[in-house]
Amino acid sequence: MLTVSGLRKEFPGPRGSGTVAVAGLDLHLDRGECLAIVGESGSGKSTTARMIAGLLAPTAGRVVLDGHDVSRPARRRRDRLHRARLLQMVFQDPYASLDPRQSPGDALAEVLALHGVRDRAERTARVRELGEAVGLSARQLESRPAELSGGQRQRVAIARALAPRPPVIVLDEAVSALDVSIQAQVVNLLADVRAATDTAYLFITHDLAVVRQVADRVLVMRAGDVVEQGPVAQVLDRPAAPYTQRLRAAVPPRSDGARPGAVPHQVERNTPPCESS
Amino acid sequence: MTLALALPAGRSRPRRARGVLGPVGWTALVLVAAMVLLAALAPWLAPYPVDQQDLLHPYAGPSPAHWLGTDATGRDILSRLLWGARTSLGGPALVVALSLAVGLPTGLLAAWRGGLVDAALARVLDVVFAVPGILIAVLAVAVFEPGLTPAVLALAVAYLPYVARTTRAAARAQRDLPYVEALELQGMGGLRICVRHILPNILGVVLAQVPVAFALALVDLASLSFLGLAVQAPAADWGVLISDTSALLQGHPEQAVYAGLAIVTTVVALTFLGDRLTEGRPVARARKEKR
Amino acid sequence: MTSPLLEIGDVVVDLPGRGTVLRDITLAMASGESLGLVGESGAGKSMLARAVAGLLPAGAARLGTIRFDGAPLSRSRTGRDGARRRLGMVFQDARAHLDPRQRIGDFLLETTPRRARPARLPEVLALLDRVGLAEPRRLLDRYPDQLSGGMLQRIMIASVVLADPALVLADEPTTALDVTTQAEVVAILDELRRERGTGLLFISHDLDLAAQLCDRIAVLYAGTVQEVAAAGALAADPRHPYTRALFAARPDIERRLPRLPAIAGHPVAAYESGAGCAFAPRCDRAVDACGTALPELVGTEHAVRCLVAAPPAPATRREGVTRC
């Protein structure tokens with residue numbers, strides 16, 4: 001469904017120096033599959049997501065979606081709409097993800113109209129249908145975003161992403177900013193949506209527990225490079241790369257049952273401060 | 001002027017207009033509205049025609065017949081003030097409207113396209129910004145002829161950078177928000193995103209600058225009229241009323257004082273209004289950390 | 001137990017324009033103890049930290065008493081807050097709390113008189129080394145912009161420790177950090193606390209992290225303490241339905257669950273909740289009585305504020321205010 005090859009991004013720096021955010025990345029995503037990209041800040045995982053989504057032009061490499069090369073940002077209206085029907089994205093911050101002056105219902109209707117649902121009655125029906133699919137009531141669809149909680153807003157963002165029925169959705173830390181109880185709701189919702197629509201997810205996150213819950217395969221990134229990839233069970237249970245092992249060990253142990261594990265005392269010497277940047 | 005009333009709710013924590021304005025803001029708003037109303041109703045309110053002379057009663061003091069007295073040719077000062085309000089307030093309104101009409105699209109374009117377009121527009125605006133408005137107006141009047149139209153056009157050009165820069169900064173902050181990126185990913189065109197989504201969200205910030213811009217334009221236009229470059233005597237502009245030096249020389253500063261008071265009152269009220277509107281306005285959320 | 005280090009009694013905080021954000025908070029900390037405050041958004045955990053620190057927003061009203069080291073704390077900070085002198089604070093965003101134009105060394109030695117600085121230097125260097133920063137001498141000449149978030153947080157911790165506090169108040173100190181950095185910072189906080197016998201009030205949204213670091217945990221919901229217990233007891237035997245649901249809702253890194261046991265609805269703030277238990281509308285065990293009156297916090301070692309709490313191993317009930 002999605003094939004990425006040799007994807008690379010350099011950000012030019014001052015005095016000819018540049019930083020390599022993503023250093024040649026290959027990945028593929030099958031129909032209905034969920035691939036997680038995990039990494040810490042600076043790993044290049046979000047840059048990767050933004051390049052695949054077309055929000056950022058790659059320095060090199062190819063992004064092929066359903067047989068179409070979409071490596072370059074679409075200029076023409078037809079191309080833009082075509083691309084929109086292939087891939088959508090859900091962002092991290094639920095509070096900035098919606099136009100504050102537009103009700104969720106209006107936002108969904110606007111997007112549907114853009115994608116050729118001209119008939120008013122049909123549009124209203126589709127809006128209600130999308131609302132139901134993500135668990136939003138008719139009243140919530142008519143309220144102002146400011147009246148909705150973070151979880152409800154994220155449901156709206158998911159509904160908006162589903163509107164053009166894309167085969168691929170990129171979720172960029174989409175559940176990271178949510179409270180635990182809400183995160184569980186949204187994680188479940190994403191699973192339901194995937195089961196119902198066979199949508200493939202590219203799931204960007206830093207949270208390994210969430211990866212276990214939602215993903216089929218996982219790709220671990222560090223400083224622009226892929227350090228390890230494979231099925232979730234394999235990578236999380238028998239991490240091969242030292243970095244993955246460190247990442248895995250840094251997660252606080254799940255605290256039920258006996259006295260939770262004490263803090264592991266391995267104060268590591270940090271790298272010396274870099275010269276300037 | 002009713003533009004200032006179009007108060008949008010804040011982004012995350014909506015505030016009510018009453019809360020934003022406060023007692024000072026409301027007083028200012030009422031004063032400004034009263035001025036506008038007086039100007040609009042001048043033909044009905046003015047007790048005498050604007051240029052009806054009464055050579056037998058020059059420099060008459062306040063009386064029941066002439067509340068504010070008369071000028072050198074016996075014209076009723078109150079009537080002239082009321083009529084003068086029309087150009088004195090209408091002129092700045094035109095200046096602000098014109099600079100908004102050009103500045104908003106310019107600012108949006110710069111913010112949306114970024115890169116070279118943004119840089120080029122910024123340089124052009126810098127140049128305009130560097131030249132004082134009055135100077136542009138003097139040049140315009142020199143090229144064309146003295147009158148309200150060239151003065152208004154010149155000042156509109158001079159005020160353009162304020163509007164464009166405010167718009168650009170506010171729009172730039174919106175452009176990086178995920179809701180705008182989500183719309184881009186939906187395949188929506190830039191024009192539509194700008195007009196339907198970004199503009200409504202920044203309009204409040206931009207319009208909050210209107211009262212102060214209006215006040216500045218009022219002073220600038222009155223100055224130009226005073227210099228004899230904009231509204232021409234015998235028309236009754238507040239600037240013209242002040243510039244009537246013959247009255248001053250003969251020891252009759254009354255009309256200049258009244259016109260000056262009208263200008264000061266309006267400007268102070270507008271400044272307070274602008275102050276209330278800009279204060280406490282949530283600045284568009286800063287760019288989220290990426291990567 | 002000797003007199004507690006920090007004693008919070010019946011604290012209520014009202015914010016102008018919003019309403020009550022904390023109600024009936026009663027907690028106590030022994031010296032050298034670490035207490036975790038855990039809750040979701042709106043729980044009021046940061047507001048409680050601010051009340052202790054004297055950093056409540058302007059116009060906020062605070063009722064009740066907060067005693068620190070035996071002395072009552074005023075509502076807000078004054079110029080020289082003697083009572084809060086031995087209270088150190090670590091915030092979520094270290095970068096925002098550092099002057100970008102001040103060198104790290106000047107920041108760390110700011111409160112030391114200039115003449116006393118050379119004598120203090122070895123201690124500072126040792127401490128920087130202690131919090132895991134390499135080449136501390138070079139570090140002193142750096143500006144905040146040149147350092148990563150994790151390093152800045154270590155520097156904040158070092159600066160707090162330099163003042164030799166009796167209690168460190170850490171408000172989500174690792175939330176903005178990566179997992180590996182978080183693990184290191186948490187280890188440092190824990191070690192310094194144990195070495196120096198400092199109390200630690202650790203505020204977090206992360207139950208597991210708090211359980212790992214703290215002796216006791218207080219679970220907050222809608223501005224009230226719902227349950228307080230030793231970390232082990234809380235994890236082994238959560239009694240409040242909210243605590244149980246919160247534990248259950250976390251995804252498990254070890255295994256995939258068929259479905260996460262989510263809690264319906266969304267967290268509310270104290271001012272959004274009615275007369276009864278704030279969690280009742282989301283609670284699957286709620287009975288009619290839950291909606292009418294706020295239950296008392298009942299119990300000593302393991303205190304719960306719930307009418308239908310899972311029964312503990314037979315213990316005293318209705319003991320009144322907890323000492324925790």
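S.K.: Mind showing me how you'd approach the overall build of chain B here?
M.R.: Of the regular secondary structure elements, chain B holds twelve helices and zero strands. When the helices and strands of chain B are placed in sequence order, the string is α-α-α-α-α-α-α-α-α-α-α-α. Among the 291 residues that make up chain B, the fraction classed as buried is 47%. Partitioning the contacts of chain B with sequence separation of at least 6, the portion at a separation of at least 24 is 72%. Total accessible area on chain B is roughly 13900 Å²; 69% of this is exposed by carbon and sulfur atoms.

S.K.: Even after reading the chapter, I still don't get the environment of Gly224 of chain A, so can you show me in this structure?
M.R.: Residue and element names in this part refer to chain A. Structurally, Gly224 can be placed in the loop between strand 9 (217–222) and strand 10 (225–231). The exposure class assigned to Gly224 is buried, which follows from its relative accessible area of 1%. On a C-alpha basis, the gap between Gly224 and Gly42 in space is 7.5 Å, while along the polypeptide they are 182 residues apart. Ignoring any residue separated from it by four or fewer positions in sequence, one finds Gly224 in contact with Ala21, Val22, Ala23, Gly42 and Ser43.

S.K.: Sorry, what's going on with helix 6 (residues 150–162) of chain A here?
M.R.: Helical geometry note: an α-helix holds 3.6 residues per turn, so side chains three or four residues apart project in the same direction. The end-to-end C-alpha separation of helix 6 of chain A is 18 Å, in line with the 18 Å expected for 13 residues at 1.5 Å each. With 13 of its 13 residues buried, helix 6 of chain A lies for the most part within the structure.

S.K.: Where do I start with the interface of chain B and chain A in this structure?
M.R.: It is common to report an interface's size as the accessible area lost on association of the parts. Contacts between the two partners involve 24 residues from chain B and, on the opposite side, 30 residues from chain A. Each partner contributes to the roughly 2500 Å² buried at the junction of chain B and chain A, and carbon and sulfur atoms together form 55% of this total. Linking chain B with chain A are two salt bridges. A salt bridge links Glu110 of chain A to Arg192 of chain B, with the nearest nitrogen and oxygen atoms 3.1 Å apart. At the junction of chain B with chain A, the criterion picks out twelve residue pairs in polar contact (both at pLDDT 80 or more). Considering each element in turn, the side of chain B that touches chain A owes the most residues, six residues, to helix 7 (residues 178–185) of chain B. Taken together, the residues that form the side of chain B that touches chain A break down as ten nonpolar, five polar and nine charged.

S.K.: What am I meant to see in the interface of chain A and chain C here?
M.R.: The partner chain C presents 61 residues to the 55 residues of chain A that form the contact. Seen at the junction of chain A and chain C, the total is four salt bridges. Linking Asp252 of chain C and Arg254 of chain A is a salt bridge whose minimum nitrogen-to-oxygen distance equals 3.6 Å. Where chain A meets chain C, there are 20 residue pairs in polar contact (both at pLDDT 80 or more). Sorting the residues of the side of chain A that touches chain C by element identifies helix 7 (180–197), helix 8 (208–214), helix 9 (232–237) and helix 10 (242–250) of chain A as the ones contributing at least two each. Looking at the side of chain A that touches chain C, the element that brings in the most residues is helix 7 of chain A, giving nine residues. Taken together, the residues of the side of chain A that touches chain C sort by class into 24 nonpolar, 17 polar and 14 charged.

S.K.: It is not clear to me how the arrangement of the chains should be interpreted in this structure. Could you clarify?
M.R.: Considering every one of the two pairs of chains in contact, the largest contact total is recorded for chains A and C. The smallest C-alpha distance separating chain B from chain C is 10 Å, and no contact links them.

S.K.: Before we go on, may I ask you to explain unusual backbone geometry in this structure?
M.R.: Working note: non-glycine residues mostly have negative phi, and peptide bonds are mostly trans. Of note in the backbone geometry, Asp66 of chain A takes a positive phi value of approximately 50° without being a glycine. Inspection of the secondary structure assignment puts Asp66 of chain A in the loop between strand 4 (60–65) and strand 5 (68–69). The residue Asp164 of chain C is not glycine, and still its phi comes out positive at about 50°. In this fold, Asp164 of chain C is placed in the loop between helix 5 (149–162) and strand 7 (167–171). Classification of Asp164 of chain C as partly exposed rests on a relative accessible area of 43%.

S.K.: When you look at the pairing of strand 7 (residues 168–172) of chain A in this model, what are you seeing that I'm missing?
M.R.: All names here are of chain A. Where burial is concerned, most of strand 7 is hidden: five out of the five residues are buried. Here strand 7 shows no split at all, with Val168, Val170 and Asp172 on one side and Ile169 and Leu171 on the other all buried. Here strand 6 (residues 87–90) pairs with strand 7 via four bridges, running parallel. If you follow Leu87 over to strand 7, its bridge partner there is Val168.

S.K.: What is the right way to read the packing of helix 10 of chain A against helix 6 (residues 179–196) of chain C from this model?
M.R.: Relative orientation and spacing of two packed helices are given, respectively, by the angle between their axes and the distance between those axes. Running from N to C, helix 10 of chain A and helix 6 of chain C cross one another at 50°; their axes reach a closest spacing of 8 Å. By the angle between their axes, helix 10 of chain A is oblique relative to helix 6 of chain C. Where helix 10 of chain A crosses over helix 6 of chain C, the two elements pack in a sense that is left-handed. Contact residues: Arg246, Leu247 and Ala250 of chain A in helix 10 of chain A; Val179, Thr180, Ala183 and Glu184 of chain C in helix 6 of chain C. Residue classes in the contact of helix 10 of chain A with helix 6 of chain C are distributed as four nonpolar, one polar and two charged.

Definitions and limits used
Residues numbered from 1 in each chain as written. Chains lettered and ligands numbered in written order. Predicted model: local features only at pLDDT ≥ 70, side-chain atom pairs only at ≥ 80, totals over all residues. Heavy atoms only, no water. Helix = DSSP H or I, 4+ residues; strand = E, 2+ residues; numbered from the N terminus. Buried < 20%, exposed > 50% of the residue type's maximum accessible area, 1.4 Å probe, protein only. Contact = heavy atoms within 4.5 Å. Areas by Shrake-Rupley, 256 points an atom, 1.4 Å probe, with all protein chains shown as cover. Expected span 1.5 Å × (residues − 1). Buried area = accessible area lost by both parts, 1.4 Å probe. Salt bridge = Lys/Arg side-chain N within 4 Å of Asp/Glu carboxyl O. Polar contact = N/O pair within 3.5 Å; in protein donor to acceptor, adjacent residues only side chain to side chain. Nonpolar A, V, L, I, M, F, W, Y, C, P; charged D, E, K, R; others polar. Pairing = 2+ DSSP bridges. Axes fitted to C-alpha atoms, helices over the stretch in contact; angles between N-to-C directions. Parallel < 35°, antiparallel > 145°, perpendicular 65-115°, else oblique. Left-handed = near helix turned anticlockwise from the far one by under 90°.

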